[in-house]
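Observations on the model geometry
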Amino acid sequence: MKQVQIKLTKDQIQKLLLSGMGFIVLLYVYFSFFLGPLNSSRDSMLHQISDLQAKVAGSKNETAKTANLEKQAVAATTRFAALKALSPEGAPIAWFPPRVRTFFASNEIDKATARMETSSPFKEKDLENWTRYSWIIDLPQADFSTLGKAVAALENNEPLLSINRINIKALPEDPQFQQIVLNASTAMVKR
Amino acid sequence: MALHLNLLHEEILQQRQRQRDPLKIGMMVLGILGSVMVAYYMWNAYKTLEIRNRLSQAQHEWAKDEPKVTAAQKRSAELNGIISTTKVLDGMIESRFYWGPVLEKLSKCVALNAQLTSVDGAVQDEGKITLTVEGLAAGREPRAAAEELRQLLLEQLGQSYNSVKVEFKSLEDLDTIVNISGASMAMARFTIGATFATSAAKPAAPPAARTRTREPQS
């Protein structure tokens, strides 16, 4: 077999080196400025597509879940609206004392007065839109039976009111009647 | 063997050298590689365009759905808030203490020969209730009448509440004599302290009409 021996001249070696460098530059330019950005843009778009598809799929779930929740929450919504309706518009100090006076008057206890003691926010996160008000309710004269009926009616009619302290004292001049002081707290919507 | 003379030796050598020119060969290889790379790039660019179309479709779909989803999420959060707030409020309503039943029980304990002058009740922490009852009892044995009231109160409260304790804080005879139904009777002043837990407290009917009380005679 005949062995071919290629002898390169200095000029040829220089040209070969030049071609090699050109090749390397071509590869660098191709991958860095053409194929690389194209691939990264494609990957980013694929990522965006999968994100959007997940969102669209999630949105269908979300809409269905909300519709379901809406059905389940009918009772809670009605109850919430009823509880919220117990706090009319305006400052409680303006409407609560007249309401108490009217209530006790309709239960045969006259001259009832209510004064606000304190108001403070609730600690519970769920009640961040509600405020706790403490009231002192004075009933200057009532007989025990009427008082009991009125207190029971108050507790049943005002679900957000709770009596924390009750003080009943017989009137010295007429022991048939008592003087009553109620310390009550109520939850009211912030307006 | 015939003698063969190559008179164009130099020209042929030059031609061969031109053909073997590394720069030329390199340029050819570069050209082929460049063409392959351009073709590959074009293929990728085509794929990318296709993906861009898919992306714009997905974006369009999402743009249609997004307002609905945002509204649904908002409504969902609102409903969850309503549900949890209602639960907490219901818990507060259920756990509050009702004084109506206590007043009813108290009214059942006071007999004709006893009179309450003061009742002080308070809801303490951890659902404990304290009740302080002050009054007067009359009878041949006024202390026994007061004890009867204490026993009755213990019995009545024990029917509905837990951990009931009813104890005298003070019980003292008075010099005052009262006249009940034509009979003179001695009197005693008492203070009863009661404590109980709220667990079984439920709203009940208002108290029955109180038995008639009488005024002490001095």
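Residues numbered from 1 in each chain as written. Chains lettered and ligands numbered in written order. Predicted model: local features only at pLDDT ≥ 70, side-chain atom pairs only at ≥ 80, totals over all residues. Heavy atoms only, no water.

The subject of this paragraph is the overall build of chain B. Check the secondary structure of chain B and you find four helices and four strands. Its helices and strands taken in sequence order, chain B reads α-α-α-β-β-α-β-β from the N to the C terminus. Looking at chain B residue by residue over its 218 residues, the buried ones come to 37%. When contacts within chain B are restricted to residue pairs at least 6 apart in sequence, those whose partners lie at least 24 apart make up 67%. (Helix = DSSP H or I, 4+ residues; strand = E, 2+ residues; numbered from the N terminus. Buried < 20%, exposed > 50% of the residue type's maximum accessible area, 1.4 Å probe, protein only. Contact = heavy atoms within 4.5 Å.)

Residues and elements named next belong to chain A. Across all of its chains, the model carries 13 aromatic pairs over all chains by this definition. Between Tyr30 and Phe31 the ring centres are 5.2 Å apart and the planes differ by 80°, which places this aromatic pair in the edge-to-face class. The rings of Trp95, Phe96, Tyr133 and Trp135 are connected pair by pair, giving a single aromatic cluster. (Phe/Tyr/Trp six-rings, centres within 6.5 Å; stacked < 30°, edge-to-face > 60°.)

Residues and elements named next belong to chain A. Positive phi, normally seen in glycine, also occurs at Glu108, with a value near 65°. Tracing the chain through its elements places Glu108 in the loop between α3 (92–106) and β1 (113–121). On the accessibility criterion, Glu108 (66% relative accessible area) is exposed.

Taken together, the contacts link 68 residues of chain A with 69 residues of chain B. Along the contact surface separating chain A from chain B lie three salt bridges. The interface formed by chain A and chain B holds 19 residue pairs in polar contact (both at pLDDT 80 or more) in total. Listed by contribution, the elements that provide at least two residues to the side of chain A that touches chain B are α1 (10–72), α2 (74–85), α4 (144–157), β3 (161–171) and β4 (174–189) of chain A. The greatest single-element share of the side of chain A that touches chain B, amounting to 30 residues, is contributed by α1 of chain A. Grouping the constituent residues of the side of chain A that touches chain B by class yields 35 nonpolar, 18 polar and 15 charged. In this sheet, strand β1 (residues 114–123) of chain B lies alongside β3 of chain A in antiparallel orientation, the contact comprising five bridges. Bridging across to β1 of chain B, Asn167 of chain A finds its partner in Asp120 of chain B. (Salt bridge = Lys/Arg side-chain N within 4 Å of Asp/Glu carboxyl O. Polar contact = N/O pair within 3.5 Å; in protein donor to acceptor, adjacent residues only side chain to side chain. Nonpolar A, V, L, I, M, F, W, Y, C, P; charged D, E, K, R; others polar. Pairing = 2+ DSSP bridges.)

Moving on to the nonpolar core. Formed by 52 residues in total, the largest nonpolar core has its most connected members in Phe104, Leu139 and Ile163 of chain A together with Trp99 of chain B. Leu83, Phe122 and Ala187 of chain A together with Ile93 of chain B belong to the second-largest nonpolar core, a separate cluster that totals twelve residues. (Core = buried A, V, L, I, M, F, W, Y, C linked by side-chain atoms within 4.5 Å.)

Next up on the list: empty space enclosed by the protein. All names here are of chain A. A full pass over the atoms with the stated rule returns three cavities of 30 Å³ or more. Empty space within the second largest cavity amounts to approximately 60 Å³. If you trace the second largest cavity, you find it lined by Leu86, Ser87, Trp95, Phe96, Arg99, Glu158, Leu160, Leu161, Thr186, Ala187 and Met188. Elements represented by at least two residues in the lining of the second largest cavity include exactly α3 and β4. (1 Å grid on protein atoms, 1.4 Å probe; cavity = no way out; pocket = protein on both sides within 12 Å on 5 of 7 lines; lining within 4 Å. Points joined across faces, edges and corners; volume = space filled by probe spheres on them.)

This next bit is on the sheet that holds β3 of chain A. Read from one edge to the other, the open sheet built from eight strands follows the order β1(A)-β2(A)-β4(A)-β3(A)-β1(B)-β2(B)-β4(B)-β3(B), with strand pairing classed as antiparallel. Because the sheet does not close on itself, it has two edges, and the strands there are β1 of chain A together with β3 (162–180) of chain B. On average, each strand axis in the sheet is tilted by 15° relative to the strand beside it, whichever way the strands run. (Axes fitted to C-alpha atoms, helices over the stretch in contact; angles between N-to-C directions.)

This part is about the packing of α4 of chain A against helix α3 (residues 99–109) of chain B. It is at 8 Å that the axes of α4 of chain A and α3 of chain B come closest, and there the two elements cross at 160°. By the angle between their axes, α4 of chain A is roughly antiparallel relative to α3 of chain B. For the element pair α4 of chain A and α3 of chain B, the recorded crossing hand is left-handed. Taken together, the residues of α3 of chain B that come into contact with α4 of chain A (itself represented by Phe144, Leu147, Gly148, Val151, Ala152 and Glu155 of chain A) are Trp99, Gly100, Pro101, Leu103, Leu106 and Ser107 of chain B. (Parallel < 35°, antiparallel > 145°, perpendicular 65-115°, else oblique. Left-handed = near helix turned anticlockwise from the far one by under 90°.)

Take the environment of Leu161 of chain A next. Mapped onto the elements of the fold, Leu161 of chain A is located in strand β3. Judged by its relative accessible area of 1%, Leu161 of chain A is buried. Distance from Leu161 of chain A to Trp135 of chain A, taken between C-alpha atoms, is 9.8 Å for residues 26 residues apart in sequence. Apart from the residues within four sequence positions on either side, Leu161 of chain A is in contact with Phe96, Leu154, Ala184, Ser185 and Thr186 of chain A together with Arg96 of chain B.

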